[in-house]
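In case you want the letters, here they are:
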Amino acid sequence: MNERKTIDVHNVEFMPFDRYGSPVPKMSWHIISYDQVSGQGSYVLKMDPGAQTVPHTHMGFEEFFIVEGELIDSDGTVFNKGEFVSFKPGSQHSSYSEKGALIIVFQRGLNIPLKEK
C-alpha cells in the first residue's frame, strides 16, 4: 500500500533541525509528514544533551510524546519518558534537555520565533 508509511523511531536517518532557517545546535529531526509552509504534520525530534529550542509562539496546537530522555520547559516543568504534552495556540515557551531526548512531535500550525529583547 503506497498510502502508508511506517517508521521505527529508533532506526531513522536524522538531519540537522533547520525549521527556523539555520540549524539549531545539538538538534536533529526526521520528517514523517511535516510541511514547513503550513506548519502541519509530524516529525521525530532528537535533542542531544545540552540542546535548547528556539523560543517561540505556537500559532496552532503543538503536541509531543517523550519517547526517551527528558525535556525541561522554560517554566521549569520537567517532561519525562512516556508523557504526552499539549500546547495551545498562542502559548509561548522554549525547552532544553540536559540528558538528551527523543520526541515525536505533532504540529498543527507554525511556530513563530520570539524576538530577542
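Look up a bit, the structure's there.
Predicted model, so just to flag it, every value in this text is computed and none were measured. (Residues numbered from 1 in each chain as written. Predicted model: local features only at pLDDT ≥ 70, side-chain atom pairs only at ≥ 80, totals over all residues. Heavy atoms only, no water.)

A short note on the overall build of the protein chain
Thinking step 1. Helix and strand counts for the protein chain stand at zero helices and twelve strands.
Thinking step 2. In sequence order, the protein chain lays out its α and β elements as β-β-β-β-β-β-β-β-β-β-β-β.
Thinking step 3. Taking 117 residues into account, the globule formula puts the C-alpha radius of gyration at 13 Å, and the protein chain, at 14 Å, falls close to it.
Thinking step 4. Taken along its principal axes, the extent of the C-alpha atoms in the protein chain is 50 × 30 × 25 Å.
Thinking step 5. Counting over 117 residues, the protein chain shows a buried share of 42%.
Thinking step 6. When contacts within the protein chain are restricted to residue pairs at least 6 apart in sequence, those whose partners lie at least 24 apart make up 63%.
Thinking step 7. A total accessible area of about 6,900 Å² is found for the protein chain, and carbon and sulfur atoms account for 53% of it. (Helix = DSSP H or I, 4+ residues; strand = E, 2+ residues; numbered from the N terminus. Rg over C-alpha atoms; globule rule 2.2 N^0.38 Å. Buried < 20%, exposed > 50% of the residue type's maximum accessible area, 1.4 Å probe, protein only. Contact = heavy atoms within 4.5 Å. Areas by Shrake-Rupley, 256 points an atom, 1.4 Å probe, with all protein chains shown as cover.)

Section: a nonpolar patch on the surface
Thinking step 1. A cluster of nonpolar side chains, namely Phe65, Phe84 and Phe106, defines an oily patch on the protein surface of about 260 Å² accessible area.
Thinking step 2. Note that phenylalanine 65 resides in strand β6 (residues 61-73).
Thinking step 3. On the basis of relative accessible area, phenylalanine 65 is assigned to the partly exposed category, the value being 30%. (Patch = residues over 30% accessible without salt bridge, like charges linked within 9 Å, V, L, I, M, F, W, Y side chains within 5 Å. Salt bridge = Lys/Arg side-chain N within 4 Å of Asp/Glu carboxyl O.)

Examining the environment of lysine 115
Thinking step 1. When you line up the elements, lysine 115 lands in the segment after β12 (111-113).
Thinking step 2. For lysine 115, a relative accessible area of 77% puts it in the exposed group.
Thinking step 3. With 59 residues separating them in the primary sequence, lysine 115 and histidine 56 have C-alpha atoms 8.6 Å apart.

Some points on the packing of aromatic side chains
Thinking step 1. Evaluated as defined, the whole model comprises ten aromatic pairs.
Thinking step 2. Between the aromatic rings of tyrosine 34 and tyrosine 43, the centroid separation amounts to 5.3 Å while the plane-to-plane angle is 75°, which identifies the pairing as edge-to-face.
Thinking step 3. A relative accessible area of 4% places tyrosine 43 in the buried class.
Thinking step 4. Taken together through their ring pairs, the aromatic side chains of Phe17, Tyr20, Trp29, Tyr34 and Tyr43 make up a single cluster.
Thinking step 5. Above the face of the tyrosine 20 ring, arginine 19 is positioned so that its terminal group lies 5.5 Å from the ring centre. (Phe/Tyr/Trp six-rings, centres within 6.5 Å; stacked < 30°, edge-to-face > 60°. Lys NZ or Arg CZ within 6 Å of the ring centre and 35° of its normal.)

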